[in-house]
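# Secondary and tertiary structure notes
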Amino acid sequence: GGANYMPDRRVHIDTSMVAGVKPKESRTILLPQIGRGILEAKEPPIKMAWIITANPVSTAPNSNLTSMAMKSLDFVIVSDNFMTSTAEHADLFLPVTTYLENTDITTSYWHNLIGFVNQVVPPQGESKSDMEIFTTLAKRMGLEDMPELSAKDWVKKLAHKLTKADPEFLAKEGTAKKSPLQKEIPFSKGKFLTNSGKFNFIQEFKHLEKVKDLNFPLNLIAPKTGKLINLQALEKDVPDFPCLEMRKEKGAELNVKTNELVRVVSKVGEIK
């Protein structure tokens, strides 16, 4: 037990209200190919985008191509807290509330805690929650079956499965509570989700050697940092120039000195 803990986040939240609701026609573009996907889409071409909880111009590979795709659209709506690289392409920018202005419920990837987001201040300026934006739009479009609920009532509705398992769940004190729907210890009886029921150790791993390009001999990795969550960062925590770390031997080979300004170039773009 405890070798891995990846709970199914969907088991906590009651999604029965949207069960079976699917658009008559739809298609999918993978995020790493979103720029090319928008530009190459035919029958019909993509004319409009509404982007929420995402910043594809920064997160998808080849920012220049994704930026070009955004410029090709007739109308772009972006809902966000920040003026991101994607938001700069918006024809309409909708400011959304931060967690300090929201009442919400959240799940996580790596543990069995349910997080409660408790509103500290009312929505600032003209900001609205994503839920309020969509319910208001649904009403204006004449979609009668969209429930008009307060944020607290939405939490009650979404937490229905949790309160069914534990009637006192929402009444308990605290901002994080253990889910009554998740086991405390995964695989506690030593039975794993394999054909044999035993834990499988990796016996062999074939590493494919990357084909070297003499024009681009270095590999760039963008790791996590303690200063931000993905791309959400306060301006004071963002340096004027990103900091590049390099092996000393490679730096000496290229005659690059500490604190020197350099230009990093790839096949798709460049950055100082």
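Let me begin by describing the structure that accompanies this report. (Residues numbered from 1 in each chain as written. Predicted model: local features only at pLDDT ≥ 70, side-chain atom pairs only at ≥ 80, totals over all residues. Heavy atoms only, no water.)

## As for the sheet that holds strand β3 (residues 92-95)
So the rule is basically this: Pairing between strands requires that DSSP locate at least two bridges from one strand to the other. Put simply, DSSP marks the helices as runs of H or I at least four residues long and the strands as runs of E at least two long, and each gets a number from the N terminus on. The angle between two axes is taken between their N-to-C directions and runs from 0 to 180 degrees, where each axis is a line fitted to C-alpha atoms and a helix contributes only its stretch in contact. Any two residues having at least one pair of non-hydrogen atoms within 4.5 Å are treated as being in contact.
The strand order β1-β2-β3 describes an open sheet built from 3 strands, whose pairing is parallel. Each edge of the open sheet is held by one strand with a lone partner, namely β1 (48-52) and β3. Ignoring strand direction, the axes of neighbouring strands in this sheet form an average angle of 10°. Relative to strand β2 (residues 75-80), β1 is paired through 5 bridges, and the arrangement is parallel. Along β2, the bridge assignment pairs Ile-52 with Ser-79. The sheet strands contacting helix α4 (residues 130-140) are β1, β2 and β3, and the helix crosses β1 at an angle near 145°.

## Let's talk about the environment of Lys-250
Just so we agree on the cut-off: Here a polar contact is recorded for every N or O atom pair within 3.5 Å, except that within protein the pair must consist of a potential hydrogen donor and a potential acceptor, and residues adjacent in sequence are included only if both atoms are side-chain atoms.
Mapped onto the secondary structure, Lys-250 falls in helix α7 (residues 248-253). Only 3.2 Å separates the side chain of Lys-250 from the side chain of Glu-253, close enough to count as a polar contact.

## Let's talk about a nonpolar patch on the surface
To keep it simple, the criterion reads: Here, patches come from residues exposed beyond 30% relative accessible area and free of salt bridges, joined within 9 Å for like charges and within 5 Å for nonpolar side chains (Val, Leu, Ile, Met, Phe, Trp, Tyr). The protein chains shown are the only cover counted for residues, whose accessible areas, like all others here, come from Shrake-Rupley with a 1.4 Å probe. Salt bridges are defined as contacts in which a side-chain nitrogen from Lys or Arg sits within 4 Å of a carboxyl oxygen from Asp or Glu.
Among the surface-exposed residues, Leu-218, Leu-220, Leu-244, Met-246, Leu-254 and Val-256 lie close enough to one another that they form a single nonpolar patch of about 520 Å² accessible area. Along the chain, the position of Leu-254 falls in the loop between α7 and β7 (264-265).

## Describing the packing of aromatic side chains
Condition: Each pair of aromatic rings taken from Phe, Tyr and Trp, with Trp reduced to its six-membered ring, is defined by centres within 6.5 Å and is described as stacked if the planes are under 30 degrees apart, edge-to-face if over 60, and tilted in the remaining cases.
All chains considered together, the criterion is met by 4 aromatic pairs. Summarising the aromatic geometry, the rings of Trp-50 and Phe-134 are spaced 4.9 Å apart at their centres and angled 35° between planes, so their arrangement reads as tilted. Taken together, the positions of Trp-50 in strand β1 and Phe-134 in helix α4 put the pair 84 residues apart, joining distant regions of the chain. Taking the centre distance of 5.8 Å and the plane angle of 50° together, the rings of Phe-116 and Phe-169 count as tilted. Of this pair, Phe-116 sits in strand β5 (residues 113-117) while Phe-169 is found in the loop between α6 (160-165) and β6 (176-178), placing the two residues 53 residues apart along the sequence.

## Brief notes about the side chain of Asn-55
Inspection of the secondary structure puts Asn-55 in the loop between β1 and α2 (56-59). Those residues in contact with Asn-55, other than ones at most four positions away along the chain, are Thr-84, Ser-85, Thr-86 and Leu-231.

## Observations concerning the sheet that holds strand β4 (residues 104-106)
One open sheet accounts for 3 strands, arranged β4-β5-β6; its pairing is antiparallel. Whereas interior strands pair on both sides, the edge strands pair on one side only; in this sheet they are β4 and β6. Averaged over neighbouring strand pairs, the angle between their axes works out to 25° when direction is ignored. One ladder, built from 3 bridges, connects β5 with β6; its direction is antiparallel. Within β6, the position partnered with Leu-113 by the bridge is Lys-178.

## Quick notes on the nonpolar core
Applied cut-off: Nonpolar cores are built from buried Ala, Val, Leu, Ile, Met, Phe, Trp, Tyr and Cys residues. Side-chain atoms within 4.5 Å join them into one set. Each residue gets one of three labels from its accessible area relative to the maximum for its type: buried under 20%, exposed over 50%, partly exposed in between, using a 1.4 Å probe on protein chains only.
Core analysis: the biggest nonpolar cluster contains 12 residues, these being Ile-34, Ile-38, Ala-49, Ile-51, Val-57, Ala-60, Ala-69, Met-70, Leu-73, Val-76, Val-78 and Ala-87. At the level of secondary structure, the elements contributing two or more residues to this core comprise α1 (34-40), β1, α3 (63-72) and β2. Not counting residues within four places of it along the chain, the set of residues in contact with Ala-69 comprises Gly-35, Ile-38 and Leu-39.

## Some words on the pattern of salt bridges
What the rule picks out here adds up to 5 salt bridges. Here Glu-249 makes a salt bridge to Arg-247, at a shortest N to O gap of 3.7 Å. The residues Glu-249 and Arg-247 share a single accessibility class, namely exposed. The residue Glu-270 makes a salt bridge to Arg-263 at a minimum N-O spacing of 3.0 Å. Given the relative accessible area of 53%, Arg-263 is considered exposed.

Note that all results are geometric; they support no functional claim without further evidence.
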